[in-house]
Amino acid sequence: MTNTLDLLRTDRVLTVVRAPEIADARDLCAALVAGGIHVVELTFTTPDLPRHLERAASTADETGAVVGAGTVQTALQAQQAIDAGAQFLVTPGQGPEASAIAAAAQTAGITVVFGAFTPSEVMSALALGSSAVKIFPAHQLGPKYLKDLRGPFPEVQLIPSGGINAGNARDYLEAGALAVSAGTDVVSPADVSAADWQAITAKAKAFVAAIN
């Protein structure tokens, strides 16, 4: 089984898919991998997510993608994602069911990444067993804030998310990010719904080129 954090350390990017519909999760993952992005986060903001997640996870050997679930807010969602084959879980923050989400991930032996913004929230995420910490919404304070967080948390793997694009992604990496989350800059909802896989591959290639 591929270690998600090791792959992120190599690729330095994952993509977060937020779309009202996914035409085919397998083809979406294949398009992203063709563009150089291997870690794919499908979010619970997409209707019927477990079905799409299962499709992506069951074909991961074909596509070469590592697929996980994002916007996980409840223990039920965590279990649904795990049952569908998710290799990692990502939360937007730390709600009342955070401990249960962490426990589900630990039982399944998969990576969990809790969302945080403030230093106190980073500490809470670490206490929950977060393998890395998603800093969201990162664009509110920019790369300098990430660099500031590295002061008290030099060993923590930080993944900025929200407002990251090909024009600023490298700044976050140079500020100490483990990897960055590429959202609509790579996977626009329109492209995903329309199954415009060529456009997604082209955007993924451009993003990867920008950070390298």
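Everything below is about the structure shown above.
**Here we look at the pairing of strand S1 (residues 13-17)**
Then, number 1: Counting buried positions along S1 gives 5 out of 5 residues, so the element sits mostly inside the fold.
Then, number 2: Both faces of S1 are covered, namely the face carrying Val-13, Thr-15 and Val-17 and the face carrying Leu-14 and Val-16.
Then, number 3: Bridge count between S1 and strand S2 (residues 39-43): 4 bridges; the pairing is parallel. Among the inter-strand pairings, Val-16 is bridged to a residue of S2, identified as Glu-41.
Then, number 4: Crossover handedness for the path S1 to helix H2 (residues 25-34) to S2: right-handed.

**Let's talk about the environment of Val-13**
Then, number 1: Note on placement: Val-13 falls in strand S1.
Then, number 2: Measuring from C-alpha to C-alpha, the distance between Val-13 and Val-156 comes to 17 Å, with 143 residues separating the pair along the chain.

**Focus: unusual backbone geometry**
Then, number 1: Omega for the peptide link from Phe-136 to Pro-137 comes to -5°, which places this bond in the cis form.
Then, number 2: Checked against the element boundaries, Pro-137 lands in the loop between strand S6 (132-135) and helix H8 (142-149).
Then, number 3: For Arg-12, which is not a glycine, the phi torsion comes out positive at approximately 65°.
Then, number 4: Looking at Arg-12, the relative accessible area reads 27%, which means it is partly exposed.
Then, number 5: Notably, Thr-71 is not glycine yet its phi reads approximately 55°, a positive angle.
Then, number 6: Relative to the elements of secondary structure, Thr-71 occurs in the loop between strand S3 (66-70) and helix H5 (75-84).
Then, number 7: Given a relative accessible area of 9%, Thr-71 falls into the buried group.

**Concerning the pairing of S3**
Then, number 1: The element S3 is largely enclosed, with a buried count of 5 among its 5 residues.
Then, number 2: Burial of S3 is two-sided: the residues Val-66, Gly-68 and Gly-70 facing one way and the residues Val-67 and Ala-69 facing the other way are all buried.
Then, number 3: Pairing analysis gives 5 bridges linking S2 to S3, with the strands arranged parallel. Bridged to Thr-43 within S3 is Gly-70.

**Re the side chain of Ser-181**
Then, number 1: Inspection of the secondary structure assignment puts Ser-181 in strand S8 (residues 180-182).
Then, number 2: Contacts of Ser-181, omitting those with residues within four sequence positions, involve Leu-14, Val-16, Ile-159, Pro-160, Ser-161 and Ile-164.

**With respect to the packing of aromatic side chains**
Then, number 1: Scanning the entire structure with this criterion turns up 1 aromatic pair.
Then, number 2: With a centroid separation of 5.4 Å and an interplanar angle of 35°, the aromatic rings of Phe-117 and Tyr-145 are classed as tilted. One end of the pair, Phe-117, is in the loop between strand S5 (111-116) and helix H7 (119-127); the other, Tyr-145, is in helix H8, and 28 residues separate them in sequence.
Then, number 3: On the basis of relative accessible area, Phe-117 is assigned to the partly exposed category, the value being 22%.
Then, number 4: Taking relative accessible area as the criterion, Tyr-145 reaches 15% and is therefore assigned buried.
Then, number 5: In this arrangement the basic side chain of Lys-134 is found over the ring face of Phe-136, its NZ or CZ atom lying 5.2 Å from the centre.

Rules of the game
Going along each chain's sequence as written, the residues are numbered from 1 onward. Local features are withheld for residues below a pLDDT of 70 in this predicted model, meaning they are given only at 70 or higher, and side-chain atom pairs are given and counted only at 80 or more; totals for whole chains, interfaces and linings count all residues. Working from all heavy atoms in the structure, the side-chain values ignore hydrogens and water. To sort residues, take the accessible area from a 1.4 Å probe on protein chains only and compare it with the maximum for the residue type: under 20% means buried, over 50% means exposed, and anything in between is partly exposed. Counting from the N terminus, the helices are the DSSP runs of H or I reaching at least four residues and the strands are the DSSP runs of E reaching at least two. We treat two strands as partners when DSSP finds at least two bridges between them. Seen with the strands pointing away from the viewer, any crossover whose path from the first strand over the helix to the second strand runs clockwise is right-handed. By the convention used here, residues are in contact when the closest approach between their heavy atoms is within 4.5 Å. Pairs were defined over the aromatic rings of Phe, Tyr and Trp, the Trp ring being its six-membered one, requiring ring centres within 6.5 Å. Orientation was assigned from the angle between planes: stacked under 30 degrees, edge-to-face over 60, tilted for the rest. Either the NZ atom of lysine or the CZ atom of arginine qualifies as a charge over a ring when it sits within 6 Å of the ring centre and within 35 degrees of the ring normal.

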